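So the chains spell out like this:
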Amino acid sequence: MPTYLFYPRRADGVSLTFIAEVAQDDRDALELAGEIAAAHACVGVFVWQPAADEGKDRFVGEVVRPDAAPARETAPRPGASATV
């Protein structure tokens, strides 16, 4: 069975971790993503399939929880700076 990578996504669009699991196929992987979204109380889960050999990773899809809070867009403040 192929391995899939699941990235739980916060409301601001950031994913701080990933989960690697095997699934029968893409449909099974997306169902598992729904379970992961509910278990982690995140707004959604991105699903990727790692590349075999030298190919590129493949984006399978995203599952979004219907009861999740919408992402808030923040506009940069003019003149704001960051300490590096």
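Just so it is clear, the structure is predicted and the values come from calculations on it, not from any experiment.

Chemist: Is there a simple way to explain the sheet that holds strand S1 (residues 3-9) in this structure?
Modeler: Each strand in a sheet pairs with its neighbour through backbone hydrogen bonds, running either in the same direction (parallel) or in the opposite one (antiparallel). On the basis of which strands lie adjacent, the open sheet formed by 4 strands has the order S2-S1-S3-S4 and antiparallel pairing. Strands with a single pairing partner mark the edges of an open sheet, and in this sheet they are strand S2 (19-22) and strand S4 (58-64). Geometrically, the sheet is characterised by an average inter-axis angle of 25 degrees between neighbouring strands, direction not taken into account. Bridging between strand S3 (residues 44-49) and S4 involves 6 bridges; their strand directions are antiparallel. Across the sheet, residue Gln49 finds its bridge partner in S4, namely Arg58. Contacts between helix H1 (residues 26-40) and the sheet are confined to S1, S2, S3 and S4, with S4 contributing the most and set at about 45 degrees to the helix.

Chemist: I keep staring at the nonpolar core and nothing clicks. Help me out?
Modeler: Soluble, globular proteins show a tendency: their nonpolar side chains are buried together. The biggest cluster of nonpolar side chains holds 14 residues, and the ones touching the most others in it are Tyr4, Phe6, Ala29, Ala33, Ile36, Val45 and Val47. Secondary-structure elements contributing two or more residues to this core are S1, H1, S3 and S4. If one sorts the elements of this core by residue count, H1 sits on top with 5 residues.

Chemist: Teacher, can you tell me more about the pairing of S3 here?
Modeler: The side chains of a regular strand alternate, first on one face of the sheet and then on the other. The sheet contact formed by S1 and S3 spans 5 bridges and is antiparallel. Each residue of the ladder has a partner; that of Leu5, found in S3, is Trp48.

Chemist: I would appreciate a short explanation of a negative patch on the surface in the present structure.
Modeler: Negative charge collects at one region of the surface, where Asp25, Asp28, Glu31 and Glu35 lie side by side. Tracing the sequence through the fold places Asp25 in the loop between S2 and H1.

Chemist: Explain the side chain of Arg65 here, please?
Modeler: Topologically, Arg65 is positioned in the segment after S4. Within polar-contact distance, the side chain of Arg65 engages the backbone oxygen of Cys42 at 2.9 Å. Those residues in contact with Arg65 that lie beyond four places of it in its chain are Ala37, Ala38, Ala41, Cys42, Val43 and Gly44.

Chemist: Which parts of the structure should I look at to understand unusual backbone geometry?
Modeler: The phi torsion of most residues other than glycine is negative, and most of the peptide bonds are trans. Within the chain, Ala41 stands out as a residue other than glycine whose phi angle is a positive 50 degrees. Inspection of the secondary structure puts Ala41 in the loop between H1 and S3. Here Ala41 falls in the exposed class, since its relative accessible area comes to 61%.

Conventions we followed
Residues numbered from 1 in each chain as written. Predicted model: local features only at pLDDT ≥ 70, side-chain atom pairs only at ≥ 80, totals over all residues. Heavy atoms only, no water. Pairing = 2+ DSSP bridges. Helix = DSSP H or I, 4+ residues; strand = E, 2+ residues; numbered from the N terminus. Axes fitted to C-alpha atoms, helices over the stretch in contact; angles between N-to-C directions. Contact = heavy atoms within 4.5 Å. Core = buried A, V, L, I, M, F, W, Y, C linked by side-chain atoms within 4.5 Å. Buried < 20%, exposed > 50% of the residue type's maximum accessible area, 1.4 Å probe, protein only. Patch = residues over 30% accessible without salt bridge, like charges linked within 9 Å, V, L, I, M, F, W, Y side chains within 5 Å. Areas by Shrake-Rupley, 256 points an atom, 1.4 Å probe, with all protein chains shown as cover. Salt bridge = Lys/Arg side-chain N within 4 Å of Asp/Glu carboxyl O. Lys, Arg positive; Asp, Glu negative; His and termini not counted. Charge placed at Lys NZ, Arg CZ, Asp CG, Glu CD. Polar contact = N/O pair within 3.5 Å; in protein donor to acceptor, adjacent residues only side chain to side chain.

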